[in-house]
Amino acid sequence: MTKTGVGAGTTVVAADAPAPAAGLPRRRGVELALIVLAVLLSVYGYCAVGLAKLGAVPPGAAGYGAGLGVLALLAHLAVRWRAPCADPLLLPIAVLLNGIGLVLIYRLDLETPGDRASPTQLVWSTVGVGLFIVVVTVLGDHRVLQRYAYVCVVAALALLTLPVLFPPVNGARIWIRVAGFSIQPGEFAKVLLAVFFAAYLAANRTALTYAGRRIWRFTRMQLPTGRVLGPIVAIWLLSVGVLVLERDLGTSLLFFGLFVVMLYVATGRTGWIAVGLLLASLGAVAVGRLEPHVHSRVEDWLHPFASIDAGQGPNQLAQSLFSFAAGGMLGTGLGLGHSVLIGFAAKSDFILATAGEELGLAGLSALFLLYGLLVERGFRAGLSLRDPFGRLLAAGLASIVALQVFVIAGGVTGLIPLTGMAMPFLAQGGSSVVTNWAIVALLIRVSDSARRPYDRTRPEAHGDAGQGTHDRAGREPHGDAGHGTHAEARDDAPPEARPRASDEGLGGGLDAEFGEGLGEARGGGADHTSPHTASPHTSPHTSPHTSRRPG
């Protein structure tokens, strides 16, 4: 404050100008530069395939580069307009992965001229980017989704049930095919389930963490009450039902793994991981022995070269392993591999084998690093948020990508049985690429809320002291501590200025890797307390409309 003399013995105290908004830099220019680099790398790969297979630059290279560039630019403009503080790496990574996927599918199209998939995949990529723009533009706040948690779970169950009514495709009932048009509803159901899981766990995390009876006397693991544990058992039964009815091991592992990971993030209890692994193992072993289609995949996994020994030639898994071995460290080069020998699923389930053979271990590692960076930025955005739903939603969406990459990469490399899922952004599949663009859009929205600057000059940031104004999240503003307002921070405050959750939940199990501990109160000083602790000036039960006189 500054003191100004006005007449004899009179001093007027004038408040200093409000401090400017504090927050992380927006870095939209960095995002644009990375997008340009991603488009150039994709066009280079497209031209390299043409030079290797045709001896000349393919005639559609300019159109491919222009189409991908326009889509990426429109997505960037939507982010710049509606989510200016979002993470600058999420969109460029998605553009690069989508571009590499189009290159790999085009490369395999040259081996199968009667079955061209790259034009259709480009159309689906356009639809995915369109959905990305709609989500970023229309969804102004991720917390709106919490209101529709049960609508999401009903829609997800309906989507999961529909394929059961249609004939199986390649032994699994995960597709809906009508008049030559096919769609995989399970891809959309996983996002809806992530929204429901985040809302349910945000509302029941305390009961899942502390309530219930202790299982072992000398351990910290507690079994929740039946009312809370019931939905968990229902989700386990649902995943087993999907495995039995749809004969799809990958979808079952994804849904149940997603719920277990989010349960661990919400409670910080490692015991839930052990229980989840135990239940998943029991269900997989039982169905693997009883269901013929799943049993055959388990047998192929245990004995990948049995068909060669029987004189029937290599099966798909054996061809995939041969492709990885032929790639070596640096690969054969784009367009110079023989992964097309894998067969009908070379463009979808086994497209990672093409990347491993033609890009080698170095290129494959680079792809995994891109996926790892995408997942890490999702978890980072979640850890920077204050609201439980947003934290769990970001963790769930990032876990979807991580689980898909693990399940698919593990299947084609022989680590786990084959699952029949699509590699995010890389593999052929319209439902998959559209869903993955929706996931990136939601992560963009969440990261924008996490990185948004905290502007104390806006009315909703502090309001008029004593007027009881609330911010747009429905919480009481800060105002003056002497006027009885609660010491509670906005969700768009910078990460270092927000109070965090305790170590016993909402990321407590992840802090050792991604955070510095979640027990700090806002400001970190003796004069600042958590929203649930009385400050030296304010009682937690004091109304914001009443002031407390100094003693």
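Preceding block: the structure.
Computed from a predicted model, the values in this text were never measured in an experiment.

(A) Spatial organisation of helix H1 (residues 28–53). For H1, which comprises 26 residues, the first-to-last C-alpha distance of 38 Å matches the rise-based estimate of 38 Å (1.5 Å per residue) to within 8%. Three or more residues of H1 are buried, namely Arg 28, Glu 31, Ile 35, Ala 38, Val 39, Ser 42, Gly 45, Tyr 46, Cys 47, Val 49 and Gly 50. Immediately beyond the C-terminal end of H1, within one or two residues, lies Gly 55, with a positive phi of roughly 80°.

(B) Layout of the layout of surface pockets. Taken as a whole, the second largest pocket holds about 680 Å³ of empty space. Every residue lining the second largest pocket is counted, 30 residues in all, and those nearest its centre are Leu 253, Gly 257, Leu 277, Ala 280 and Phe 406. Elements supplying a minimum of two residues to the lining of the second largest pocket: helix H8 (249–267), helix H9 (271–290), helix H10 (292–302), helix H14 (388–412) and helix H17 (511–514). Its residues placed into classes, the lining of the second largest pocket shows 24 nonpolar, four polar and two charged.

(C) Highlighting the packing of aromatic side chains. Under the criterion given, the structure shown has nine aromatic pairs. Both rings, one in Tyr 46 and one in Tyr 106, keep their centres 4.3 Å apart while their planes meet at 20°; by these two values the pair is stacked. Of this pair, Tyr 46 sits in helix H1 while Tyr 106 sits in helix H3 (residues 90–109), and the two are 60 residues apart along the sequence. A centroid spacing of 4.7 Å and a plane angle of 65° characterise the contact between Phe 197 and Phe 259, whose relative ring orientation is edge-to-face. Taken together, the positions of Phe 197 in helix H6 (residues 185–209) and Phe 259 in helix H8 put the pair 62 residues apart, joining distant regions of the chain. An identical accessibility class is assigned to Phe 197 and Phe 259; each is buried. Linked through ring pairs, Tyr 150, Phe 196, Phe 197, Tyr 200 and Phe 259 together constitute an aromatic cluster. Arg 82 extends its terminal NZ or CZ atom over the ring of Trp 81, reaching a point 5.7 Å from the ring centre.

(D) Main features of the pattern of salt bridges. Inspection of the entire model under this criterion finds eleven salt bridges. With a closest N to O distance of 2.8 Å, Arg 380 and Glu 376 form a salt bridge. With a gap of four residues between them, Arg 380 and Glu 376 both fall in helix H13 (residues 351–384), about one helical turn apart. Between Asp 448 and Arg 445 there is a salt bridge, with its nearest N and O atoms 3.1 Å apart. Highlighted residues: Asp 448 and Arg 445, both in helix H15 (residues 430–451), separated by three residues, approximately one helical turn. Across this residue pair, the class does not change: Asp 448 and Arg 445 are buried.

(E) Inspection of the side chain of Ser 431 at higher detail. By the secondary structure assignment, Ser 431 is in helix H15. Looking at Ser 431, the relative accessible area reads 5%, which means it is buried. Separated by 2.9 Å, the side chain of Ser 431 and the backbone nitrogen of Gln 184 make a polar contact. Setting aside residues no more than four positions away along its own chain, Ser 431 makes contact with Ile 183, Gln 184, Glu 187 and Phe 188.

(F) Spotlight on the packing of helix H2 (residues 61–82) against H3. Across the interface, H2 lies against H3 with an axial gap of 11 Å and an inter-helix angle of 160°. Between H2 and H3, the angle is such that the two are roughly antiparallel. Crossing of H2 over H3 shows right-handed handedness. Contacts from Tyr 64, Leu 68, Ala 72, Ala 75, His 76 and Val 79 in H2 reach Leu 91, Val 95, Gly 99, Leu 102 and Val 103 in H3. Taken together, the residues of the contact of H2 with H3 break down into nine nonpolar, two polar and no charged.

(G) Representation of helix H4 (residues 118–138) within the structure. The terminal C-alpha atoms of H4, which comprises 21 residues, lie 30 Å apart, in line with the 30 Å expected from a rise of 1.5 Å per residue. Taken together, the buried positions of H4 are Ser 118, Gln 121, Ser 125, Gly 128, Val 129, Phe 132, Val 135 and Val 136. Down the axis, H4 shows its buried residues gathered within 120° of arc, on one side only. Every exposed residue of H4 that faces more than 90 degrees away from the buried side is listed here: Val 123 and Val 138.

(H) How the structure looks around the environment of Ile 444. Among the structural elements, Ile 444 can be located in helix H15. On the accessibility criterion, Ile 444 (0% relative accessible area) is buried. In the structure, Ile 444 is positioned 309 residues away from Val 135 in sequence and 9.6 Å away in space, judged by C-alpha atoms. Not counting residues up to four positions away in its chain, the partners in contact with Ile 444 are Val 79, Ala 83, Ala 86, Asp 87, Leu 90, Leu 91, Phe 132 and Val 136.

(I) Focus on the packing of H13 against H14. One way to put it is that H13 packs onto H14 with a least axis distance of 8 Å and a crossing angle of 165°. Here H13 lies roughly antiparallel to H14, going by the angle between them. The two elements H13 and H14 meet at a crossing, and its hand is left-handed. Residue-level contacts link Leu 352, Phe 368, Tyr 371, Leu 374, Val 375, Gly 378, Phe 379, Gly 382 and Leu 383 of H13 to Arg 391, Ala 394, Ala 395, Ala 398, Ser 399, Val 401, Ala 402, Val 405, Ala 409 and Val 412 of H14. In terms of residue class, the contact of H13 with H14 is built from 15 nonpolar, three polar and one charged.

Conventions and cut-offs
Residues numbered from 1 in each chain as written. Predicted model: local features only at pLDDT ≥ 70, side-chain atom pairs only at ≥ 80, totals over all residues. Heavy atoms only, no water. Helix = DSSP H or I, 4+ residues; strand = E, 2+ residues; numbered from the N terminus. Expected span 1.5 Å × (residues − 1). Buried < 20%, exposed > 50% of the residue type's maximum accessible area, 1.4 Å probe, protein only. 1 Å grid on protein atoms, 1.4 Å probe; cavity = no way out; pocket = protein on both sides within 12 Å on 5 of 7 lines; lining within 4 Å. Points joined across faces, edges and corners; volume = space filled by probe spheres on them. Nonpolar A, V, L, I, M, F, W, Y, C, P; charged D, E, K, R; others polar. Phe/Tyr/Trp six-rings, centres within 6.5 Å; stacked < 30°, edge-to-face > 60°. Lys NZ or Arg CZ within 6 Å of the ring centre and 35° of its normal. Salt bridge = Lys/Arg side-chain N within 4 Å of Asp/Glu carboxyl O. Polar contact = N/O pair within 3.5 Å; in protein donor to acceptor, adjacent residues only side chain to side chain. Contact = heavy atoms within 4.5 Å. Axes fitted to C-alpha atoms, helices over the stretch in contact; angles between N-to-C directions. Parallel < 35°, antiparallel > 145°, perpendicular 65-115°, else oblique. Left-handed = near helix turned anticlockwise from the far one by under 90°. Arc of directions from axis to C-beta.

What is shown is where atoms sit, not what they do.
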